[in-house]
Amino acid sequence: MKRIIALTGLLVLLAGLFLANGVQAQGETEIDVWIYQSFYENEEDSAIVKATEKFMEENPNIKVNLIPTVYGSGSYRDKFIRVSRGGGGPDVIMNDIIWVPQMAAMEIIQPVGDMMGDKKNEFFETPLKAATHEDKIYGVPYHTNALGYFYNKDLFRKAGLDPEDPPDTWSEFRAAANLITKETDSHGFGYMGHWGGSFEWFSPFWAFGANVLEDNMKEAALNSPQGKMATEFWINMVTQDGVVPKASSTWKSWEEIASGFATETVGMVFGFQNVYMKLENKSFDFDYGIAKLPKGRAGRASILGGGHLCINANSENTEAAYKWIDYMTSVETLNVFDESKRTSARKDAIEHQEFLKNNKKIEPLFESLEFAQPRPPIPKWTQVDYDTIQPEFMKILHEGKSVNDALNDAAKNIDELLAE
Amino acid sequence: MAQKNSKENALLNVTPFMKNRIVAVLLLAPACIILFTVVAYPLLYNLIMSFQDINLLRPGGTPFIGLENYKVILSDPIFWRALSHTAVWVISIVGFEMFLGVSSAIILNQKLRFKGAFRGLMLIPWTIPGVVAAFTWRWMYDARFGILNHFLVETGILNEAVAWLGNYNTALAAVILPQIWKNFPFVMILTLAALQSIPVELYEGAKVDGATFWQQLRYITLPSIKPTLYLASLLTTIWSFNAFSMIWILTEGGPAHASEVLTTFVYKKSFQAFNFGQSTATAVIMFAILFVFVILYGKKIFGGGE
């Protein structure tokens with residue numbers, strides 16, 4: 001008798017599952033979306049969840065499952081690469097600006113340019129450029145940001161600098177860093193020394209008129225006279241002036257950057273809007289400001305950051321996936337960015353985003369989007385950066401290699417790498 | 001008649017034997033299938049991939065390229081650097097873990113007050129999750145706020161703080177130390193269990209004969225726990241050879257490959273260069289190295305090598 005009851009129960013369960021599946025197959029398209037955990041801070045009350053619920057109300061035939069996933073190369077990007085190469089994965093992923101060309105080359109995300117149509121005009125041009133691989137756009141720009149610098153106004157005063165008139169040229173920046181180091185107990189500025197400071201180096205490098213690659217993106221250009229001059233300038237601040245603290249040589253995360261600034265280890269740090277978000281959650285008793293990165297001989301330059309929404313190449317629900325993306329990148333859902341203190345990649349974000357309108361402090365970061373540029377959007381960028389540029393920076397800093405030799409060797413290695 | 005009987009007997013003898021064989025095979029089959037699926041198949045697949053050109057940035061085909069991946073890897077100076085660092089890493093970790101583990105086990109095997117509490121305390125590093133331990137050490141090493149620099153500067157051992165993880169000369173040693181701290185309690189526990197199985201009479205006899213502590217250690221303790229020591233050293237060798245999280249969280253193999261080991265090298269080949277052909281070739285080389293170790297140790301442990 002027990003067996004009969006158990007068997008009947010099992011059959012009912014199987015039938016239920018089968019029917020449930022059948023109902024879904026008949027009337028509903030279900031899409032899975034990976035979002036950064038940081039968009040899900042308020043869990044089910046998060047703005048992205050509420051916006052998605054509204055989307056589902058308006059599109060009752062589409063069910064969206066938001067899957068918060070911790071952001072990081074290993075925890076997010078590599079995980080997606082593994083599942084998508086295995087033929088699965090979510091329909092949509094929130095994607096870092098630097099990963100889009102890699103995933104496009106791997107053919108694990110779909111081109112979305114045609115679906116976007118005129119919507120392209122609603123976004124800043126540089127995020128679109130960053131998501132372009134072989135003339136096709138592979139991601140709808142979602143959030144964006146540009147690098148600026150954060151400075152401690154109290155330390156500025158102690159060093160005899162005007163906190164309301166922060167350095168506007170790289171020479172002024174260097175002088176300020178030296179004054180802070182000399183006149184206070186802090187150092188001039190801090191950077192991610194774990195990578196040899198090569199990330200922050202981009203801005204003065206570009207501002208001096210140098211480029212890492214030629215326009216064809218197939219040959220190195222970093223050992224140009226401008227490149228050598230810019231790099232000499234940057235390295236001299238670290239090695240000769242000594243304005244960067246030893247502690248900074250192991251920093252490799254934005255959390256460490258924000259902590260170094262909050263503890264007054266350094267008077268200035270480079271950072272995106274994420275550093276502002278982190279500082280908001282820290283307690284310290286000084287006032288600080290944010291400024292646009294200084295001008296060089298060729299003008300002002302900043303690094304573009306941010307993320308895109310991309311569709312998995314394995315997705316069979318492309319239409320529904322794009323529909324959700326289209327909604328999430330519309331003016332209606334800009335409150336999602338307000339909640340996470342981010343900036344939408346839409347050109348009109350400044351007109352609609354309350355967070356931007358009411359926050360004068362971060363205005364310089366938004367204004368920096370005008371001159372921010374992406375790191376070269378090539379699939380092999382990670383290798384170029386990690387295997388050629390960073391090691392040479394380390395050799396300069398730790399082995400005393402000359403900037404000239406280091407850049408020439410980096411250029412040679414980049415050429416070999418890109419020729420493979 | 002006698003012949004018929006013997007035939008029947010033979011059948012009676014063979015049939016149950018055959019039946020047992022079939023039952024045995026059937027019972028073993030699931031385990032064998034699972035072993036093949038989770039051990040042999042991935043190994044074979046890994047081996048096959050190492051002969052293919054698999055670069056995720058060049059999708060489309062995975063042609064066989066013979067030994068090309070091995071040629072590239074073996075001519076890469078970073079590989080040789082990672083290999084030599086791995087040798088330093090494994091030898092120092094196994095050496096120190098064995099020394100500390102065995103020493104502390106011998107001490108904790110003596111008649112001590114609060115022995116239980118000490119044993120519990122000594123086990124703490126082993127029970128802490130690896131990621132938590134790594135982040136704790138990262139903070140302890142901090143050049144401005146780290147307790148290690150604070151202690152060394154305050155006591156006058158150092159004139160100024162050192163960025164242990166950011167310095168070419170100290171990075172490898174700075175990642176080895178937490179790994180030893182984390183895992184030596186395992187050796188201690190294994191050894192302690194072995195020590196407690198040595199008959200007390202042996203020590204009593206030795207004492208009557210006037211043997212000193214060191215003579216007891218040399219002629220009774222160490223020979224008695226030799227198989228356990230072999231096993232502990234085999235396991236610590238395998239674990240340290242394959243260790244990844246501690247080194248990745250602390251330095252990611254940096255600065256500029258100063259603490260690069262084979263596991264971080266493989267990870268970078270896979271997820272920075274996206275070259276799975278080369279990363280699997282390196283993994284095969286790693287497997288071959290470990291295999292030799294396992295065979296040698298296996299002979300010692302199971303082959304009466306005492």
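Everything quoted here is computed from the prediction, not taken from an experiment. (Residues numbered from 1 in each chain as written. Chains lettered and ligands numbered in written order. Predicted model: local features only at pLDDT ≥ 70, side-chain atom pairs only at ≥ 80, totals over all residues. Heavy atoms only, no water.)

**Some words on the domain arrangement of chain B**
All names here are of chain B.
No. 1: Taken domain by domain, chain B consists of domain 1 (1–49) and domain 2 (69–302).
No. 2: For domain 1 and domain 2, the distance between their C-alpha centroids amounts to 42 Å.
No. 3: Of the residues lining the interface, four residues belong to domain 1; the matching set on domain 2 comes to eight residues.
No. 4: Carbon and sulfur atoms supply 67% of the area that domain 1 and domain 2 bury against each other, a total of about 430 Å² over both sides.
No. 5: Considering only the surface of domain 1 that becomes buried against domain 2, Leu43, Asn46 and Met49 emerge as the three largest contributors, covering 84% of it. (Domains from an automatic or database assignment. Contact = heavy atoms within 4.5 Å. Buried area = accessible area lost by both parts, 1.4 Å probe.)

**Some remarks on the interface of chain B and chain A**
No. 1: Counting from both sides, the interface comprises 26 residues of chain B and, opposite them, 35 residues of chain A.
No. 2: For the pair chain B and chain A, the two sides together bury roughly 2,600 Å², of which 57% comes from carbon and sulfur.
No. 3: Linking chain B with chain A are three salt bridges, by the criterion used here.
No. 4: Across the pair Glu160(B) and Lys246(A) runs a salt bridge whose closest N-O atoms are separated by 3.0 Å.
No. 5: For the interface between chain B and chain A, the tally reads twelve residue pairs in polar contact (both at pLDDT 80 or more).
No. 6: Every element with two or more residues in the side of chain B that touches chain A is listed here: α10 (245–250) and α11 (262–271) of chain B.
No. 7: When grouped by side-chain class, the residues that make up the side of chain B that touches chain A number 18 nonpolar, four polar and four charged. (Salt bridge = Lys/Arg side-chain N within 4 Å of Asp/Glu carboxyl O. Polar contact = N/O pair within 3.5 Å; in protein donor to acceptor, adjacent residues only side chain to side chain. Helix = DSSP H or I, 4+ residues; strand = E, 2+ residues; numbered from the N terminus. Nonpolar A, V, L, I, M, F, W, Y, C, P; charged D, E, K, R; others polar.)

**Looking at the domain arrangement of chain A**
Residues and elements named next belong to chain A.
No. 1: Here the domain parsing of chain A yields domain 1 (30–146 + 304–373) and domain 2 (148–303 + 377–419).
No. 2: Placing a centre on the C-alpha atoms of domain 1 and another on those of domain 2 gives a separation of 28 Å.
No. 3: Contacts between the two partners involve 28 residues from domain 1, matched on the other side by 23 residues from domain 2.
No. 4: Each partner contributes to the roughly 2,200 Å² buried at the junction of domain 1 and domain 2, and carbon and sulfur atoms together form 62% of this total.
No. 5: Broken down residue by residue, the surface that domain 1 buries against domain 2 is led by Lys361, Leu365 and Phe371, which jointly contribute 28%.
No. 6: Between domain 1 and domain 2 we count two salt bridges in total.
No. 7: A salt bridge links Glu367 to Lys292, with the shortest nitrogen-to-oxygen separation between them at 3.5 Å.
No. 8: Inspection of the domain 1/domain 2 interface yields six residue pairs in polar contact (both at pLDDT 80 or more).
No. 9: Among the elements of the structure, α4 (100–105), α6 (125–130), β4 (132–133), β6 (140–146), β13 (302–311), α17 (363–367) and β15 (372–373) are those that each provide at least two residues to the side of domain 1 that touches domain 2.
No. 10: Here the side of domain 1 that touches domain 2 is built from residues that sort into twelve nonpolar, ten polar and six charged.

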